[in-house]
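Each chain, letter by letter, is given below.
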Amino acid sequence: MQNEEQIFLEKIDQEIKIEPRDWMPDAYRKTLIRQMSQHAHSEIVGMLPEGAWITRAPTLKRKAILIAKVQDEAGHGLYLYAGTETLNIGREEMIDQLLTGKAKYSSIFNYPTLTWADIGAIGWLVDGAAIMNQVPLCRCSFGPYSRAMIRICKEESFHQRQGFDILLTLSRGSNAQREMAQDAINRWWWPSVMMFGPNDDNSPHSAQSMAWKIKRFSNDELRQKFIDMCADQAKVLELTLPDKKLQWNEKRKHYDFGEINWHEFWNVVNGHGPCNKERMAARISAHENGAWVREAADAHAKKRRAREQQVA
Ligand code: BYC
């Protein structure tokens, strides 16, 4: 084994972070670029379904909270793009990969937000799933990713609390509000369970990513933790999860659950979900309408560089 590779593996073994200037195998770099950029894209596309409710939030307080949450997601996208850039890929290339459909973003953001209760369900379930997946990423072997995740997770836990609070308020409200909350949970439950990705047997990247300590738990391990957490929290909400097979298994000390519809999952991942086209069209339009901002920022940077050169 080459010396550089040996040093890299020893660092992984001893939980020493890999930093951008350290030697790393090309496949490690590529895996991180893939996962981190897809994660960044998910944060940015994830602003769309919730952003649609900013103008329709039921109170001023709920509106202010939702605006803050959506802004947090923009911030998460930016830390993650900046972290990915340390791996030697430019922001423009990453954005191009998203807009041309070469890079993925999370399947969950291809579902519509039909009622205000969906904002509660997204906060409770989608942010809940995100936290379950992302807290272990704070211990990821790549320094910039792990550090970005520490801040992101702090904000995500506030997001989950606000979602739970919306659902609790609706659940304790009128019959119509309670029904709206239940309907949102019915629609968001299975897509949230799918967010963790394919079963371990069908996850081509998991084994290597776990060996490199990028991922700390497998897709199925995280999915099980999420289901266990939600099954208990649903009791507090006095609402139900739409799975007749959901049942505590005393032997496994986990909840058993029903079959996941993998056909639906892959259909959404491959671009045929209810909102894939709408989401991409919104991002393409935002990118085109933002061209003048990029041009102005470039012109400003060029002017500043020229001034600095004159002074030097
Ligand atoms: N959607 O071998 P696998 C958030 C793809 S939360 C679409 O298991 P890996 C937010 C996968 O990319 C959401 N595609 O892959 C929350 C791969 O395809 P490629 C974002 C999926 O990478 C609230 C193929 O299936 N979070 O941001 O080891 C508000 C095989 O999968 C999905 C993250 O990205 C999916 N659900 O594991 C706002 C967390 N699942 O790349 C925002 C970081 C799998 O070969 N990412 N695929 O073409 C991860 O932890 C991992 O990348 C995954 C997948 C667990 C998602």
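From a predicted model like this one, the values you see are computed outputs, not experimental measurements. (Residues numbered from 1 in each chain as written. Predicted model: local features only at pLDDT ≥ 70, side-chain atom pairs only at ≥ 80, totals over all residues. Heavy atoms only, no water.)

S.K.: Sorry if this is basic, but what is going on with the overall build of the protein chain here?
M.R.: Of the regular secondary structure elements, the protein chain holds 13 helices and 2 strands. For a compact globule of 312 residues, the expected C-alpha radius of gyration is about 20 Å, and the protein chain comes in at 21 Å, within 12% of that figure. In terms of overall dimensions, the protein chain has a C-alpha envelope of 70 × 50 × 30 Å along the principal axes. Counting the 312 residues in the protein chain, one finds 47% classified as buried. Here the protein chain has roughly 16,500 Å² of accessible surface; of this, 54% comes from carbon and sulfur atoms. One way to put it: in the protein chain the 42 positive side-chain charges average out to a point 4 Å from where the 40 negative ones average out. (Helix = DSSP H or I, 4+ residues; strand = E, 2+ residues; numbered from the N terminus. Rg over C-alpha atoms; globule rule 2.2 N^0.38 Å. Buried < 20%, exposed > 50% of the residue type's maximum accessible area, 1.4 Å probe, protein only. Areas by Shrake-Rupley, 256 points an atom, 1.4 Å probe, with all protein chains shown as cover. Lys, Arg positive; Asp, Glu negative; His and termini not counted. Charge placed at Lys NZ, Arg CZ, Asp CG, Glu CD.)

S.K.: Sorry, what's going on with the packing of helix H5 (residues 91-99) against helix H12 (residues 276-289) here?
M.R.: A packed helix pair is summarised by two numbers, namely the angle formed by the two axes and the spacing between the axes. H12 packs onto H5 with a crossing angle of 145° between their chain directions and a minimal axis gap of 10 Å. Here Ile95, Leu98 and Leu99 of H5 lie close against H12, whose contacting residues are Met280, Arg283, Ile284 and His287. Grouping the amino acids of the contact of H5 with H12 by side-chain chemistry returns 5 nonpolar, 1 polar and 1 charged. (Axes fitted to C-alpha atoms, helices over the stretch in contact; angles between N-to-C directions. Contact = heavy atoms within 4.5 Å. Nonpolar A, V, L, I, M, F, W, Y, C, P; charged D, E, K, R; others polar.)

S.K.: Explanation requested: the packing of aromatic side chains in the structure shown.
M.R.: The description of two aromatic rings rests on the distance between their centres and on the angle between their planes. This model, assessed by the stated rule, comprises 11 aromatic pairs. Taken together, a centroid distance of 6.2 Å and an interplanar angle of 80° make the contact between Phe8 and Trp23 edge-to-face. With Phe8 in helix H1 (residues 3-13) and Trp23 in the loop between H1 and helix H2 (26-45), this pair connects stretches of sequence that are 15 residues apart. Assessed through its relative accessible area of 33%, Trp23 is described here as partly exposed. Residues Trp262 and Phe265 carry aromatic rings whose centres are separated by 5.5 Å and whose planes lie at 90° to one another, so their mutual orientation is edge-to-face. Taken together, the residues Trp262 and Phe265, both in helix H11 (residues 262-272) and 3 residues apart, mark about one turn of the helix. Judged by its relative accessible area of 6%, Phe265 is buried. Over the face of the ring belonging to Trp53 we find Arg56, whose NZ or CZ atom lies 3.9 Å from the ring centre. (Phe/Tyr/Trp six-rings, centres within 6.5 Å; stacked < 30°, edge-to-face > 60°. Lys NZ or Arg CZ within 6 Å of the ring centre and 35° of its normal.)

S.K.: Even after reading the chapter, I still don't get the side chain of Asp72, so can you show me in this structure?
M.R.: With respect to the element layout, Asp72 can be found in helix H4 (residues 60-85). No salt bridge forms around the buried Asp72; measuring N to O, its nearest opposite-charge neighbour Arg151 is 7.3 Å away. (Salt bridge = Lys/Arg side-chain N within 4 Å of Asp/Glu carboxyl O.)

S.K.: Looking at this structure, how should I read the environment of Ala286?
M.R.: Among the secondary structure elements, Ala286 is positioned in helix H12. Taking the C-alpha atoms as reference points, Ala286 and Lys63, 223 residues apart in sequence, are found 22 Å from one another.

S.K.: Just to check I follow, could you spell out a negative patch on the surface for this structure?
M.R.: On the surface, Glu92, Glu93, Asp96, Glu295 and Asp298 cluster together into a negatively charged patch. Broken down by secondary-structure element, the contributors of at least two residues to the negative patch are H5 and helix H13 (291-311). The leading source of residues in the negative patch is H5, at 3 residues. One can find Asp96 in helix H5. With a relative accessible area of 41%, Asp96 lands in the partly exposed category. (Patch = residues over 30% accessible without salt bridge, like charges linked within 9 Å, V, L, I, M, F, W, Y side chains within 5 Å.)

S.K.: Can you walk me through the site of the ligand in this structure?
M.R.: Close to the ligand lie 32 residues, the nearest being Lys104, Ser203, His205, Lys215 and Asn219. The separation between an oxygen atom of the ligand and a polar side-chain atom of Lys104 is 2.5 Å. With respect to the ligand, the backbone of Pro204 contributes an N or O atom lying 3.2 Å from an oxygen atom. Within the complex, the protein chains bury 91% of what would otherwise be the 1,000 Å² of accessible surface of the ligand. (Near = heavy atom within 4 Å. Polar contact = N/O pair within 3.5 Å; in protein donor to acceptor, adjacent residues only side chain to side chain.)

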